[in-house]
Amino acid sequence: MKNGFFATGAGIHLLPVLGRRVSVLGSTGSIGTATLDVIRFAREHYGPNAFPLQALTAQKNVGLLASQAREMRPEVVVIADSSLKQALADALAGSGIEVLAGNEAVIEAAQRPSEMVVSAIVGAAGLAPTLAAAKRGAIVALANKECVVAAGEVFRQAAADSRGVLIPVDSEHSAAFQLLDFAQTQAIEKITLTASGGPFRTWPAERMAAVTPEQAVRHPNWSMGAKISVDSATLMNKGLELIEAHVLFGLSPQKLDVIVHAQSVIHCLVSYADGSVLAHLSAPDMKTPIAHALGWPHRIGSPARTLNLAELGQMTFEDPDYDRFPCLRIARTCLHAGGDAPTILNAANEVAVESFLNRRIGFLGIAQIVEQTLEAFERLSNGQAPATLEDVLELDSAARAKAREFTGQAAGRAA
Ligand code: NAD
Ligand code: MG
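Residues numbered from 1 in each chain as written. Chains lettered and ligands numbered in written order. Predicted model: local features only at pLDDT ≥ 70, side-chain atom pairs only at ≥ 80, totals over all residues. Heavy atoms only, no water.

1. Looking at the layout of surface pockets
And step 1. Reported here for the second largest pocket is a volume of approximately 400 Å³.
And step 2. Around the second largest pocket sit 17 residues that line it, and Val165, Leu166, Val247, Leu248 and Phe249 are the ones nearest its centre.
And step 3. Looking at the lining of the second largest pocket, the elements that each hand over two or more residues are α8 (152-162), β9 (165-168) and α13 (236-249).
And step 4. Among the elements that line the lining of the second largest pocket, the one with the most residues is α8, at 4 residues.
And step 5. The residue makeup of the lining of the second largest pocket, split by class, is 14 nonpolar, 2 polar and 1 charged. (1 Å grid on protein atoms, 1.4 Å probe; cavity = no way out; pocket = protein on both sides within 12 Å on 5 of 7 lines; lining within 4 Å. Points joined across faces, edges and corners; volume = space filled by probe spheres on them. Helix = DSSP H or I, 4+ residues; strand = E, 2+ residues; numbered from the N terminus. Nonpolar A, V, L, I, M, F, W, Y, C, P; charged D, E, K, R; others polar.)

Right, here's the structure in full:
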């Protein structure tokens, strides 16, 4: 039953959040499509005007972007690969939707007036547009962890200057955001992020040497893009998430921890001074943290799976194995080192993961390339955290070049 702008079931308190104009950067990816699922659900349940869209952007997938645009009616769509502009324009002919192309246009889309920007581009490619959104004070629903790992200080400064808000979408950080008592930060003893352990949680190190990209992207609990799936298999993902938590919540590295919980039902635990440990539970479905971000500070309905504890039966916990998963150890070292180490870590990891997916290096080569790159920079850098976007991009590309050198050497040895 409809009553004016939204369905009556929405309740008056939801009207301001349902009226939010939203831009989705990376709408064709795993997080992007899940975001549109949540928006579609909101339009079906609360009324067709829920979450009007400003912009949708993608890298190459013209077909999916055009069909999303025809259904969801954004004002503008952007394809980052400019050679595909005409194809996108043809696919949207007669729709009245503006078509832009190129990396600069993705940034422009983030700058257009929307209350909220969902940052769901993968990797450091998401950095400039996400920063543009943060700088103009938009609410940023942040899935792209690489950008805050690479440019933590820059984001901290942008958020402070613009008084914008970053709402985490990464499930562990969304959970932490919901559990943290920001009025009593002195009473927070520890944030513990849970890790599923990935597809090789129980594998001996020798067996991991022969892991193929197909095996690495087959995650037991989550269906995700290729890059984050490989990061989950090496546990680099959890290392990046420790750094992400440090940037987002300002807690010292000593107060950040990881526990392996294979069922991915508890996403984060927050320990308080009085001995209380608060946990956040949900089915492993990204539509829950996405809906939390879209609706914040209220709660909206979502098409996420519901949690059935009786069906689950039991939950298990174990410490991570830093020997079999050296990426987690390396990332932890970077968390403690601070300065420019996280930027180098992220860039080297992006290069190494891409090389692994292209079968140029083996699975165990990922940690080796990242470690070699960090070692090469220990002698070269001043250790300061890059303070501007330009500084981050310069260090990011220097680290990528170094990592590519090591990747070339490793590929040469293997040939
Ligand atoms: P994905 O590979 O499925 O999608 C990536 C999106 O970014 C696509 O829309 C693609 O078109 C776009 N894109 C890629 N390269 C681009 C470029 N150079 N310029 C502009 N656009 C580009 O990735 P995903 O799994 O959806 O992950 C997105 C981000 O969210 C990552 O940073 C990831 O770490 C984070 N994240 C994902 C999940 C998950 O469940 N998938 C969970 C937590 C966090
Ligand atoms: Mg996560």
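2. Some remarks on empty space enclosed by the protein
The rolling of a water-molecule-sized probe over the atoms marks out the regions of remaining empty space.
And step 1. Taken as a whole and judged by the stated rule, the model has 2 cavities of 30 Å³ or more.
And step 2. The space that makes up the largest cavity amounts to roughly 60 Å³.
And step 3. Lining the largest cavity are Thr234, Arg324, Phe325, Pro326, Cys327, Phe363, Leu364, Ile366 and Ala367.
And step 4. Among the elements of the structure, α16 (326-337) and α18 (365-378) are those that each provide at least two residues to the lining of the largest cavity.
And step 5. Here the lining of the largest cavity is built from residues that sort into 7 nonpolar, 1 polar and 1 charged.
And step 6. Each pocket or cavity is described by its volume, and for the second largest cavity that value is around 40 Å³.
And step 7. Lining of the second largest cavity is provided by Ser171, Ser174, Ala175, Gln178, Trp222, His267, His280, Ser282, Ala283, Asp285, Thr288 and Pro289.
And step 8. Only α9 (171-179) and α14 (287-295) provide two or more residues apiece to the lining of the second largest cavity.
And step 9. Sorting elements by how many residues they give to the lining of the second largest cavity places α9 first, with 4 residues.
And step 10. Of the residues belonging to the lining of the second largest cavity, the class tally is 4 nonpolar, 7 polar and 1 charged.

3. Description of α18
And step 1. Helix length check: α18 (14 residues) gives 20 Å between terminal C-alpha atoms against 20 Å at 1.5 Å per residue, within 8%.
And step 2. Along α18, the positions that sit buried rather than exposed are Gly365, Ile366, Ala367, Ile369, Val370, Thr373, Leu374, Ala376 and Phe377.
And step 3. Packed against the buried residues of α18 are α12 (226-234), α13, α16, α17 (341-357) and α19 (389-414). (Expected span 1.5 Å × (residues − 1). Buried < 20%, exposed > 50% of the residue type's maximum accessible area, 1.4 Å probe, protein only. Contact = heavy atoms within 4.5 Å.)

4. A look at unusual backbone geometry
And step 1. The amide bond that connects Trp296 to the next residue, Pro297, takes the cis arrangement and shows omega of 5°.
And step 2. If you trace the backbone, Pro297 turns up in the loop between α14 and α15 (309-312).
And step 3. The phi dihedral of Phe51 falls on the positive side, at around 45°, and the residue is not glycine.
And step 4. Mapping Phe51 onto the fold places it in the loop between α2 (30-46) and β4 (53-58).
And step 5. By relative accessible area, Phe51 is classed as buried at 0%.

5. Re the coordination of the magnesium ion (ligand 2)
And step 1. The magnesium ion (ligand 2) binds to the protein through Asp170 (OD), Glu172 (OE) and Glu241 (OE); the donor distances cover 2.1 to 2.2 Å.
And step 2. Donor residues for the magnesium ion (ligand 2), ordered by position in the chain, follow D-x1-E-x68-E. The same class applies to Asp170 as to Glu172, namely buried. (Donors = N, O, S within 2.8 Å, 3.2 Å for Na, K, Ca; no water.)

6. Focus: the packing of aromatic side chains
And step 1. Applying the stated rule across the entire model yields 6 aromatic pairs.
And step 2. Centre to centre, the rings of Phe200 and Trp203 are 4.7 Å apart; their planes meet at 55°, and the pair counts as tilted. You'll find Phe200 and Trp203 in the same group, each marked buried.
And step 3. Joined through ring pairs, the aromatic side chains of Phe177, Phe182, Phe249 and Trp296 make up one cluster.
And step 4. Sitting over the face of the ring of Trp203, Arg207 holds its NZ or CZ atom 3.6 Å from the ring centroid. (Phe/Tyr/Trp six-rings, centres within 6.5 Å; stacked < 30°, edge-to-face > 60°. Lys NZ or Arg CZ within 6 Å of the ring centre and 35° of its normal.)

7. A look at the pattern of salt bridges
And step 1. Under the defined criterion, the tally for this structure stands at 24 salt bridges.
And step 2. As a salt-bridge pair, Lys238 and Glu241 come within 2.6 Å of each other at their nearest N and O atoms. Within this pair, Lys238 and its partner Glu241 are both found in helix α13, separated by 3 residues, close to a single helical turn.
And step 3. Judged by its relative accessible area of 1%, Glu241 is buried.
And step 4. For Asp321, the salt bridge is made with Arg324, and the minimal N-O distance between the two is 3.0 Å.
And step 5. Here the salt bridges do not stand alone but share partners, grouping Lys145, Asp170, Glu172, Lys238 and Glu241 into one network. (Salt bridge = Lys/Arg side-chain N within 4 Å of Asp/Glu carboxyl O.)

8. A look at a nonpolar patch on the surface
And step 1. Residues Leu281, Leu307, Leu309, Met315 and Phe317 make up a contiguous nonpolar surface patch of roughly 390 Å² in combined accessible area.
And step 2. Assignment of secondary structure puts Leu307 in the loop between α14 and α15.
And step 3. Assessed through its relative accessible area of 33%, Leu307 is described here as partly exposed. (Patch = residues over 30% accessible without salt bridge, like charges linked within 9 Å, V, L, I, M, F, W, Y side chains within 5 Å. Areas by Shrake-Rupley, 256 points an atom, 1.4 Å probe, with all protein chains shown as cover.)

9. Here's the deal with the packing of α9 against α13
And step 1. Packing of α9 against α13 brings their axes to within 10 Å, and their N-to-C directions diverge by 35°. Viewed along their axes, α9 and α13 form a crossing whose handedness is right-handed. Within the contact between the two elements, α9 uses Glu172, His173, Ala176 and Phe177 and α13 uses Lys238, Glu241, Glu244, Ala245, Leu248 and Phe249.
And step 2. Across the contact of α9 with α13, the residue classes break down as 5 nonpolar, 1 polar and 4 charged. (Axes fitted to C-alpha atoms, helices over the stretch in contact; angles between N-to-C directions. Left-handed = near helix turned anticlockwise from the far one by under 90°.)

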